[in-house]
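Listed below, chain by chain, are the residues.
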Amino acid sequence: MVMLKVDNINVYYGAIHALKGISVEVKQGEIVTLIGANGAGKSTTLRTISGLLKPKTGQIVFEGQNIAGVPAQNIVKLGISQVPEGRRVFAHMSVLENLELGAYLRSDTKEIKEDMDKVFSRFPRLGERRSQLSGTLSGGEQQMLAMGRALMSRPRILLLDEPSMGLAPLLVKEIFSIIKDINQTGTTILLVEQNAHMALSIANKAYVLETGRIILSGDAKELAASEEIRKAYLGG
Ligand SMILES: Nc1ncnc2c1ncn2[C@@H]1O[C@H](COP(=O)(O)OP(=O)(O)OP(=O)(O)O)[C@@H](O)[C@H]1O
Ligand SMILES: [Mg+2]
């Protein structure tokens, strides 16, 4: 079943035509990845899905409903949650307060508490640091907090924008294994990555973006094995 269908969207920043007819499909239960060089339009695609930008033309259908142009807050309520590039945790708030903010549209107190416990068991380091100011966390811990905060809205689909950026190799591995686990426990994933090698290794399907267009798409394993992708994105 197709959960999210981005259909031929065109997105502008003023006069800059950032997305030139992008189409992406995500089926329920999948991990789908968008890869491509700097400035290709990966973040713009995620920001448009999550309602921060409005496409000039084209549709975004989530579980049968056209959500293009729907306010971001309503999109979170529908079950789409984004972890932005660069994490953006609230530095002057504690870990706990950041996580509570992730649930601010919910009123089901008991379930919120359950989800908080789940976040702490998935990310034990956040549990240990629940009272610490978020700005004093390490880069990897801030990434975990940003992911935990997004999970606090109980998303049906999680949009991740470069979760491995700036992290040491060991931590990159850890983050990717957590993403896989989040997926296996029932959350669909749309993953933007510069680390094409790691992204293709956990994804079902992949799209390659170049200057606002999709130039290649298909099964992630097949793309990882293709000459073209190996040369351009996997260092040979
Ligand atoms: N706020 C903005 N105002 C004007 N142009 C923007 C803005 N944000 C992005 N762009 C432009 O839109 C294009 C796509 O940018 P986007 O951030 O989506 O790329 P990206 O694939 O996420 O790149 P990166 O890998 O560097 O994060 C780029 O040409 C960029 O300069
Ligand atoms: Mg980006």
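These figures come from a predicted structure and were not determined experimentally.

S.K.: Lay out the nonpolar core in plain terms, naming residues and giving numbers.
M.R.: Soluble globular proteins tend to bury their nonpolar side chains together. Counting residues in hydrophobic clusters, the biggest one holds 44 residues, and the most contacted among them are Met 147 and Ile 179. Each residue touching Ile 179, except ones within four places of it in the same chain, is listed here: Met 147, Leu 160, Pro 163, Ile 189, Leu 191 and Ile 202. Within the second largest apolar cluster, 27 residues are counted, among which are Val 24, Ala 40, Ile 60 and Val 192.

S.K.: Please give an account of the side chain of Glu 141 that cites residues and values.
M.R.: Mapping Glu 141 onto the fold places it in helix α6 (residues 139–151). Judged by its relative accessible area of 7%, Glu 141 falls in the buried class. Side chain to side chain, Glu 141 and Arg 129 meet in a polar contact 3.2 Å long. At 3.0 Å, the side chain of Glu 141 and the backbone nitrogen of Ser 138 are in polar contact. In this structure, Glu 141 is in contact with Arg 125, Leu 126 and Arg 129, ignoring residues within four places of it in sequence.

S.K.: Please provide a residue-by-residue account of a nonpolar patch on the surface, values included.
M.R.: Together, Phe 90, Met 93, Leu 101 and Tyr 104 make up an exposed nonpolar region whose accessible area comes to about 370 Å². By secondary structure assignment, the location of Met 93 is in the loop between β6 (80–83) and α3 (95–102). Relative accessible area serves as the criterion here: at 30%, Met 93 is assigned to the partly exposed category.

S.K.: Account for the coordination of the magnesium ion (ligand 2), with residues named and values stated.
M.R.: Within the protein, Ser 43 (OG) and Glu 85 (OE) serve as the donor atoms for the magnesium ion (ligand 2), at 2.0 to 2.1 Å. Residue Ser 43 is located in helix α1 (residues 42–49), and its partner Glu 85 is located in the loop between β6 and α3; the two are separated by 42 residues in the primary sequence. Using a relative accessible area of 11% as the deciding quantity, one classes Ser 43 as buried. Looking at Glu 85, the relative accessible area reads 30%, which means it is partly exposed.

S.K.: So, the site of ligand 1: which residues are in play, and what are the values?
M.R.: Surveying the vicinity of ligand 1 reveals 15 residues, the closest of which are Asn 38, Gly 39, Lys 42, Thr 44 and Gln 194. Between an oxygen atom of ligand 1 and a main-chain N or O atom of Gly 39, the distance comes to 2.8 Å. Relative to its unbound accessible surface of 630 Å², ligand 1 loses 64% to contact with the protein. Those elements giving two or more residues to the shell around ligand 1 turn out to be β2 (16–27) and α1. With four residues, the single largest contributor to the shell around ligand 1 is α1. Among the residues making up the shell around ligand 1, the classes are represented as five nonpolar, six polar and four charged.

S.K.: Talk me through the pairing of β6; I want residue IDs and the actual numbers.
M.R.: Side chains of β6 alternate between two faces, with Ile 80 and Gln 82 and Ser 81 and Val 83 buried alike. Bridge count between β6 and strand β7 (residues 157–161): four bridges; the pairing is parallel. Bridging from a neighbouring strand, Val 83 pairs with Leu 160 of β7.

S.K.: For the environment of His 92, give the residues involved together with the corresponding values.
M.R.: For His 92, the position within the fold is in the loop between β6 and α3. A C-alpha to C-alpha distance of 29 Å links His 92 and Leu 190, two positions 98 residues apart in sequence.

S.K.: Can you explain the packing of α3 against α6? Please cite residues and give values.
M.R.: Look at α3 against α6: their axes get within 7 Å of each other, and the N-to-C directions meet at 35 degrees. Two packed elements cross with a definite hand, and for α3 against α6 that hand is right-handed. Here α3 contributes Val 95, Asn 98, Leu 99 and Gly 102 to the contact with α6, which in turn contributes Leu 145, Gly 148 and Arg 149. Looking at the contact of α3 with α6 residue by residue, the classes come out as three nonpolar, three polar and one charged.

S.K.: How would you explain unusual backbone geometry if you had to name every residue and give the values?
M.R.: One non-glycine residue, Asn 8, lies in positive phi territory at about 55 degrees. Mapped onto the elements of the fold, Asn 8 is located in strand β1 (residues 2–13). Since its relative accessible area comes to 42%, Asn 8 is described here as partly exposed. The backbone of Glu 63 shows a phi angle near 45 degrees, a positive value even though the residue is not glycine.

What counts as what
- Residues numbered from 1 in each chain as written.
- Chains lettered and ligands numbered in written order.
- Predicted model: local features only at pLDDT ≥ 70, side-chain atom pairs only at ≥ 80, totals over all residues.
- Heavy atoms only, no water.
- Core = buried A, V, L, I, M, F, W, Y, C linked by side-chain atoms within 4.5 Å.
- Buried < 20%, exposed > 50% of the residue type's maximum accessible area, 1.4 Å probe, protein only.
- Contact = heavy atoms within 4.5 Å.
- Helix = DSSP H or I, 4+ residues; strand = E, 2+ residues; numbered from the N terminus.
- Polar contact = N/O pair within 3.5 Å; in protein donor to acceptor, adjacent residues only side chain to side chain.
- Patch = residues over 30% accessible without salt bridge, like charges linked within 9 Å, V, L, I, M, F, W, Y side chains within 5 Å.
- Areas by Shrake-Rupley, 256 points an atom, 1.4 Å probe, with all protein chains shown as cover.
- Salt bridge = Lys/Arg side-chain N within 4 Å of Asp/Glu carboxyl O.
- Donors = N, O, S within 2.8 Å, 3.2 Å for Na, K, Ca; no water.
- Near = heavy atom within 4 Å.
- Nonpolar A, V, L, I, M, F, W, Y, C, P; charged D, E, K, R; others polar.
- Pairing = 2+ DSSP bridges.
- Axes fitted to C-alpha atoms, helices over the stretch in contact; angles between N-to-C directions.
- Left-handed = near helix turned anticlockwise from the far one by under 90°.

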